[in-house]
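Here's the letter readout for the chains.
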Amino acid sequence: MEKKKKKILLGILIFISIIGIAGAGAVYYYLFAPQFHPQKTAYIYIDRDDTADSIYNKVKAQGNPRSFIGFKWMAQWRDYPRNIHTGRYAIRPGENTYHVFSRLYRGYQEPLNLTIGSVRTLDKLARSVGRQLMIDSAEIARTMNDSLFRHKLGYNKETMACLFIPETYQVYWDMSVEDFFKRMRKEHQRFWNQKRLDQAKAIGMTPEEVCTLASIVEEETNNNPEKPMVAGLYINRLHAGMPLQADPTVKFALQDFGLRRITNEHLTIDSPYNTYRNPSLPPGPIRIPSPVGLDAVLNHAKHNYIYMCAKEDFSGTHNFASNYADHMKNARKYWKALNERKIFN
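Values in this document were obtained by computation on a predicted structure and should not be read as measured data. (Residues numbered from 1 in each chain as written. Predicted model: local features only at pLDDT ≥ 70, side-chain atom pairs only at ≥ 80, totals over all residues. Heavy atoms only, no water.)

K.L.:
How should I be thinking about the packing of helix H10 (residues 207–220) against helix H13 (residues 291–298) in this particular structure?
P.N.:
How two helices pack is summed up by the angle between their axes together with the distance between the axes. Put simply, H10 and H13 touch, their axes get as near as 8 Å, and they point 110 degrees apart. Compared by their axis directions, H10 and H13 come out roughly perpendicular. Here H10 runs over H13; the crossing is right-handed. Residues Val210, Cys211, Leu213, Ala214, Val217 and Glu218 of H10 touch H13, and the partners they reach there are Val292, Gly293, Leu294, Val297 and Leu298. Class assignment of the residues belonging to the contact of H10 with H13 gives a composition of nine nonpolar, one polar and one charged. (Axes fitted to C-alpha atoms, helices over the stretch in contact; angles between N-to-C directions. Helix = DSSP H or I, 4+ residues; strand = E, 2+ residues; numbered from the N terminus. Parallel < 35°, antiparallel > 145°, perpendicular 65-115°, else oblique. Left-handed = near helix turned anticlockwise from the far one by under 90°. Contact = heavy atoms within 4.5 Å. Nonpolar A, V, L, I, M, F, W, Y, C, P; charged D, E, K, R; others polar.)

Set out below in structure tokens:
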């Protein structure tokens, strides 16, 4: 009888051990063995309106898991539906369930590259940022159009574009609109260091005026080596009290950026951005200039040119002149090339 009891007890212990080993094996397999197998690092984006179910679908669709049982276990155990964090999260090939779930549960996001482009209007900027971040473009536009907000930063409607320095920045996808503008302010201050502030002061300009002139320079030429030459020409004109007579400002005034030929009729528009009628800088930039354009103004070429005309070879560069007679020779060559190509507007 005693031997029988021992056999039963031993059998129970063996059974419990088998169950324990099997359970441990299951836990290891579902939680710690490689479960996710995307072809390359995949990213899921968790928005404000996402639910646990919609997140499960995103993880399965992007992560290509061999089994999703462990993820559901973890979600139930940690009450994930009540602990959802917005953001952009990475799922790498060969990762286990524990690491993927923990990342989402703790809100450990993967940063992304936010590109601020050298665009012509703040509306385009808002749309571009809205496509890259969780922030809605309308929210960005609404903030930029808030006069109290602009005043707090030291800008007005015309100069607001000066806040932005086109570059690529690492940020979190779900950053708030407040954090977005704080970051832009920080990057603006980083760019406008003491050296650049001193350079602006040396040519008698504020950073906003440098930004405005840089925007004109960048509309005039895409050729980076030529930008300091163009900047120097416009600075010569400003110092001589001459109107800038910059065609891109007329296009901006007309809001017709596709114009290829400015006529006398275009020059009659009554706008502070018409630099044929107003002998000074326009009230603000006509695009968001790049760091190259800003530095082209701060480090402008020293010369005596006050006229320029697009080259007749349509290379995107210019012929420069220090007197009107030479300028007209250059202009006639360009007009002839336009006529030959039947470009009338």
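K.L.:
What should I look at first to understand the pattern of salt bridges in this one?
P.N.:
For the coordinates displayed, the defined rule picks out eleven salt bridges. Close ionic contact of Asp50 with Lys58 constitutes a salt bridge, the shortest N to O distance being 2.7 Å. Among the ionic pairs, Arg183 bridges to Glu187, the shortest N-O distance being 2.8 Å. Here Glu187 and Arg183 lie together in helix H8 (residues 177–191), a separation of four residues that amounts to about one turn. In this structure Arg183 comes out as partly exposed when scored by relative accessible area, which is 23%. Judged by its relative accessible area of 10%, Glu187 is buried. Taken together, the shared-partner salt bridges connect Arg120, Glu219 and Arg287 into one network. (Salt bridge = Lys/Arg side-chain N within 4 Å of Asp/Glu carboxyl O. Buried < 20%, exposed > 50% of the residue type's maximum accessible area, 1.4 Å probe, protein only.)

K.L.:
So what exactly am I meant to see when it comes to the UniProt feature "site: Important for catalytic activity" (unreviewed entry) in the protein here?
P.N.:
Under the feature "site: Important for catalytic activity" (unreviewed entry), the UniProt entry names Glu220. Tracing the backbone shows Glu220 in helix H10. Ignoring anything within four residues of it in the chain, the contact list for Glu220 reads Val230, Tyr234, Ala246, Asp247, Pro248, Met308 and His318. (UniProt positions renumbered as here; feature names shortened; annotations may be inferred.)

K.L.:
Is there a simple way to think about a nonpolar patch on the surface in this case?
P.N.:
A cluster of nonpolar side chains, Val27, Tyr28, Tyr29, Phe32, Ile69, Trp73 and Tyr98, forms an exposed patch at the surface whose accessible area comes to about 640 Å². Looking at the nonpolar patch, the elements that each hand over two or more residues are helix H1 (2–32) and helix H3 (69–77). Top element by residues in the nonpolar patch is H1. It accounts for four residues. In this fold, Ile69 is placed in helix H3. (Patch = residues over 30% accessible without salt bridge, like charges linked within 9 Å, V, L, I, M, F, W, Y side chains within 5 Å. Areas by Shrake-Rupley, 256 points an atom, 1.4 Å probe, with all protein chains shown as cover.)

K.L.:
It is not clear to me how the nonpolar core should be interpreted in this structure. Could you clarify?
P.N.:
One broad trend across soluble globular proteins is that nonpolar side chains are buried collectively. Residues Phe164, Phe180, Phe181, Tyr234 and Val297 are the most contacted members of the largest nonpolar core, which totals 59 residues. Residues from two domains meet in this core; each of domain 2 (110–190) and domain 3 (192–302) gives at least three. Apart from the residues lying within four places of it in its own chain, the contact partners of Phe181 are Ile140, Thr143, Met144, Phe149, Met160, Leu163 and Phe164. Core analysis: the second largest hydrophobic core is formed by 19 residues, Ala52, Val59, Phe71 and Tyr105 among them. (Core = buried A, V, L, I, M, F, W, Y, C linked by side-chain atoms within 4.5 Å. Domains from an automatic or database assignment.)

K.L.:
Got a minute to help me understand the domain arrangement of the protein in this structure?
P.N.:
Taken domain by domain, the protein holds domain 1 (30–109), domain 2 (110–190), domain 3 (192–302) and domain 4 (305–344). On a C-alpha basis, the centres of domain 1 and domain 4 stand 61 Å from each other.

K.L.:
Just checking my understanding: could you explain the packing of aromatic side chains for this structure?
P.N.:
Aromatic ring pairs are defined here through the distance separating the ring centres and the angle between the ring planes. Summed over the entire model, instances satisfying the criterion amount to 20 aromatic pairs. Each ring, one from Phe101 and one from Tyr105, has its centre 5.6 Å from the other, and the planes form 20 degrees; the classification is stacked. Placement of the pair is Phe101 and Tyr105 together in helix H4 (residues 97–106), with a separation of four residues, close to one helical turn. The same class applies to Phe101 and to Tyr105, which are both buried. (Phe/Tyr/Trp six-rings, centres within 6.5 Å; stacked < 30°, edge-to-face > 60°.)

K.L.:
Just to check I follow, could you spell out the side chain of Arg103 for this structure?
P.N.:
Within the secondary structure, Arg103 is located in helix H4. The class for Arg103 is buried, based on a relative accessible area of 13%. Here Glu95 takes part through its side chain, which lies 2.6 Å from a polar atom of the side chain of Arg103. Contacts of Arg103, omitting those with residues within four sequence positions, involve Tyr89, Ala90, Ile91, Arg92, Glu95 and Tyr108. (Polar contact = N/O pair within 3.5 Å; in protein donor to acceptor, adjacent residues only side chain to side chain.)

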